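Geometric and topological summary
Letter by letter, the chains look like this.
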Amino acid sequence: MRKRGRAEGGRGLAGRGAGAGRLAGPAEAVRKRAPLRAAGWRRCRPGCGAMRGGCRLFPLLLLALLRGLCYGREPAPGAVTCGSVLKLLNTRHSVRLHSHEVKYGSGSGQQSVTGVEASDDANSYWRIRGKSDGSCQRGTPVKCGQAVRLTHVNTGKNLHTHHFPSPLSNNQEVSAFGDDGEGDDLDIWIVQCSGTYWEREDAVRFKHVGTEVFLSITGEQYGHPIRGQREVHGMPTANHHNYWKAMEGVFIKPSTDPAKHDEL
């Protein structure tokens, strides 16, 4: 017997009944395709079009593969929003932006800001706020180019810089300043990113509005009493030392009820 024809939906096997288990010949395969076509079925062909045609007899494993090709990769987790509390990782040096109740021994004498390697340090959380009250509603995605304040959660002071030299690299000192989230105009930073919004998966820069420096780390390490922590400072040029990425945190989702929007 010549093994040539295949019945649609049976992968070369004849239908059930007395002839079950034998191979279908060319004439019999044609007869079996006719009722299937009349019922709206069609032969599967490779590609996403087979899925759209509703070909139910396509092998499930290949169907799953084609679904991935048609729909692409999973979407990004979303934008960073106003009111979110998060940690920021310097992508070059793999340390998180940090502060604590330790003051600089030189320069301004304000609360120091450093970089730490530990991912579970509670003193590395910062709240995203607008440059003024009412300018950044809770849950609103932060746009690229938007002015923000970063408030240290545990001490209530804002990320700040000014014309003092940093203690190790002699760049511009970065400190934490203010009380209960209220400081001055030198607490404002512009989020620089390439799209429309600050996406959690993207590396971004923070450019200081008042002095035009970038929030940076170049690797200098402190000794006692904060041994091993890295100096954070401002640099006048954009480079690979001033990229930051959102990491652990609580990201506020937009509210559908305007009455529930808190102004920061």
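Values in this document were obtained by computation on a predicted structure and should not be read as measured data.

Moving on, we come to the environment of His240. Note on placement: His240 falls in the loop between strand E11 (230-235) and strand E12 (244-250). Of the residues examined, His240 reaches a relative accessible area of 41% and is grouped as partly exposed. Taking the C-alpha atoms as reference points, His240 and Ser216, 24 residues apart in sequence, are found 8.9 Å from one another. Among all residues touching His240, those that are not within four sequence positions of it are Arg92 and Arg205. Only 3.5 Å separates the side chain of His240 from the side chain of His241, close enough to count as a polar contact.

This paragraph deals with the environment of Val209. Turning to its location among the elements, Val209 is positioned in the loop between strand E9 (203-208) and strand E10 (214-221). C-alpha of Val209 to C-alpha of Leu186: the two residues are 23 residues apart in sequence and 7.3 Å apart in space. Residues within four places of Val209 in sequence aside, it is in contact with Ile188, Trp189 and Ile190.

What follows deals with the confidence of the model for the protein chain. Detail in the predicted coordinates should be disregarded across regions flagged by low pLDDT. Looking at the protein chain, pLDDT values average 78 and 67% of them are 70 or higher. Scored below 50 in pLDDT, residues 1-76 makes 55 contacts in the model with residues more than four places away or belonging to other chains. Considering only residues more than four positions removed or in separate chains, one finds that residues 256-264, a stretch of pLDDT under 50, has 16 contacts.

Turning next to the state of the cysteines. For the coordinates displayed, the defined rule picks out two disulfides. Each sulfur in the disulfide pair Cys82 and Cys136 lies 1.5 Å from the other. On the S-S bond that ties Cys82 to Cys136, the torsion sits near -80°, and the link is left-handed. Here Cys82, found in the loop between helix H3 (60-71) and strand E1 (85-90), pairs with Cys136, found in the loop between strand E4 (126-130) and strand E5 (147-152); they are 54 residues apart in sequence, far enough to count as distant. For Cys82, a relative accessible area of 1% puts it in the buried group. For Cys144, the disulfide goes to Cys193, at an S-S distance of 1.9 Å. Handedness here is read from the sign of the S-S torsion; for Cys144 and Cys193, about -115°, the answer is left-handed. Remark: Cys193 occurs in the loop between strand E8 (189-192) and E9 and Cys144 occurs in the loop between E4 and E5; sequence separation between them is 49 residues. The class for Cys193 is partly exposed, based on a relative accessible area of 22%.

Note the cis peptide between His224 and Pro225, where omega equals 5°. Summarising the element assignment, Pro225 is placed in the loop between E10 and E11. Phi at Asn170 takes a positive value of approximately 65°, unusual for a residue other than glycine. Turning to its location among the elements, Asn170 is positioned in the loop between strand E6 (158-165) and strand E7 (172-177).

The next point concerns the pairing of E11. E11 sits mainly inside the fold: six of its six residues count as buried. Because side chains alternate across E11, one face comprises the buried residues Arg230, Val232 and Gly234, and the other comprises Glu231, His233 and Met235, equally buried. Bridge count for E7 against E11 is two bridges, and the pairing is antiparallel. By the bridge assignment, Glu173 is partnered in E11 with His233. Alignment of E10 against E11, held across five bridges, turns out to be antiparallel. Directly across from Phe214, in E11, lies its bridge partner Met235.

With that settled, consider the pattern of salt bridges. Inspection of every chain in the model, using the stated rule, returns five salt bridges. Linking Arg129 and Glu182 is a salt bridge whose minimum nitrogen-to-oxygen distance equals 3.3 Å. Of this pair, Arg129 sits in strand E4 while Glu182 sits in the loop between E7 and E8; the two residues are 53 residues apart in sequence, bridging distant segments of the chain. Note on Glu182: relative accessible area 44%, which makes it partly exposed. Between Arg149 and Glu182 there is a salt bridge, with the nearest N and O atoms lying 3.7 Å from each other. Here Arg149 is found in strand E5, whereas its partner Glu182 is found in the loop between E7 and E8, with 33 residues between them in sequence. Members of the salt-bridge network, linked through shared partners, are Arg129, Arg149 and Glu182.

Thresholds applied
Residues numbered from 1 in each chain as written. Predicted model: local features only at pLDDT ≥ 70, side-chain atom pairs only at ≥ 80, totals over all residues. Heavy atoms only, no water. Helix = DSSP H or I, 4+ residues; strand = E, 2+ residues; numbered from the N terminus. Buried < 20%, exposed > 50% of the residue type's maximum accessible area, 1.4 Å probe, protein only. Contact = heavy atoms within 4.5 Å. Polar contact = N/O pair within 3.5 Å; in protein donor to acceptor, adjacent residues only side chain to side chain. pLDDT = per-residue confidence, 0-100. Disulfide = S-S within 2.5 Å. Pairing = 2+ DSSP bridges. Salt bridge = Lys/Arg side-chain N within 4 Å of Asp/Glu carboxyl O.

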